Amino acid sequence: MNYALFLVLNDVSRLKDIHKIFFNLGCGATTLDSVGMGKILLENEMEIPIFAGIRKLVEGDKPYNKTIVSVIHSEEKLRKVVASIKEELQMDTVNKRGLGYIFVLPVLECHGYQIED
């Protein structure tokens, strides 16, 4: 089965390190500029109670993030990539929340690109 891995990287200073993980494990990836809904609402000065508390977290030198997408052919390689990213970003460390998050979806079909083993 093929898997689509999405990494929303909030700490864009770590982008080179994340790219190295994909390269070293032989995975292609596409990096997109992105911005979260909280930032958009804050830029438009919409006062929504749920976002009022995160204003200080979002307002800063790095208001935007990067979204990295990769289609990975095997579950074994997927597990290596996820483990490496989690280690790099210290995602299992309580004090390191908010650097980014990962989600994975199954890919039922993939056209126009040859996925190698």
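Our structure's up above, just so we're on the same page.
Below you will find a few notes about this structure. (Residues numbered from 1 in each chain as written. Predicted model: local features only at pLDDT ≥ 70, side-chain atom pairs only at ≥ 80, totals over all residues. Heavy atoms only, no water.)

## Focus on unusual backbone geometry
Leaving glycine aside, a negative phi is the common case for residues, and trans is the common case for peptide bonds. Positioned with a positive phi, Gln90 is a non-glycine residue whose angle comes to about 50 degrees. Residue position: Gln90 is located in the loop between helix H5 (75-88) and strand E4 (100-107). What makes Gln90 partly exposed here is its relative accessible area of 37%. (Helix = DSSP H or I, 4+ residues; strand = E, 2+ residues; numbered from the N terminus. Buried < 20%, exposed > 50% of the residue type's maximum accessible area, 1.4 Å probe, protein only.)

## What about the nonpolar core?
By size, the foremost hydrophobic cluster in this structure holds 17 residues, and its most contacted members are Leu5, Leu7, Ile18, Phe22, Val81, Ile85 and Leu89. Residue assignment for this core shows that the elements contributing at least two residues are strand E1 (2-9), helix H1 (15-24), strand E3 (65-72) and H5. If we ignore the near neighbours within four places in the chain, the residues touching Ile18 are Leu7, Leu9, Ile68, Ile85, Glu88 and Leu89. (Core = buried A, V, L, I, M, F, W, Y, C linked by side-chain atoms within 4.5 Å. Contact = heavy atoms within 4.5 Å.)

## A short note on the packing of H1 against H5
Direction vectors running N to C along H1 and H5 enclose 160 degrees, while the axes themselves pass 10 Å from each other. Of the possible angle classes, the one that applies to H1 and H5 is roughly antiparallel. Where H1 crosses over H5, the handedness of that crossing is right-handed. In contact with Asp17, Ile18, Ile21 and Phe22 of H1, H5 contributes Val81, Ser84, Ile85 and Glu88. Residues of the contact of H1 with H5, tallied by class, amount to five nonpolar, one polar and two charged. (Axes fitted to C-alpha atoms, helices over the stretch in contact; angles between N-to-C directions. Parallel < 35°, antiparallel > 145°, perpendicular 65-115°, else oblique. Left-handed = near helix turned anticlockwise from the far one by under 90°. Nonpolar A, V, L, I, M, F, W, Y, C, P; charged D, E, K, R; others polar.)

## Considering a nonpolar patch on the surface
Taken together, Tyr101, Phe103 and Leu105 make up a surface patch of nonpolar side chains, about 280 Å² in accessible area. Relative to the helices and strands, Phe103 is located in strand E4. By relative accessible area, which is 35% here, Phe103 ends up partly exposed. (Patch = residues over 30% accessible without salt bridge, like charges linked within 9 Å, V, L, I, M, F, W, Y side chains within 5 Å. Areas by Shrake-Rupley, 256 points an atom, 1.4 Å probe, with all protein chains shown as cover. Salt bridge = Lys/Arg side-chain N within 4 Å of Asp/Glu carboxyl O.)

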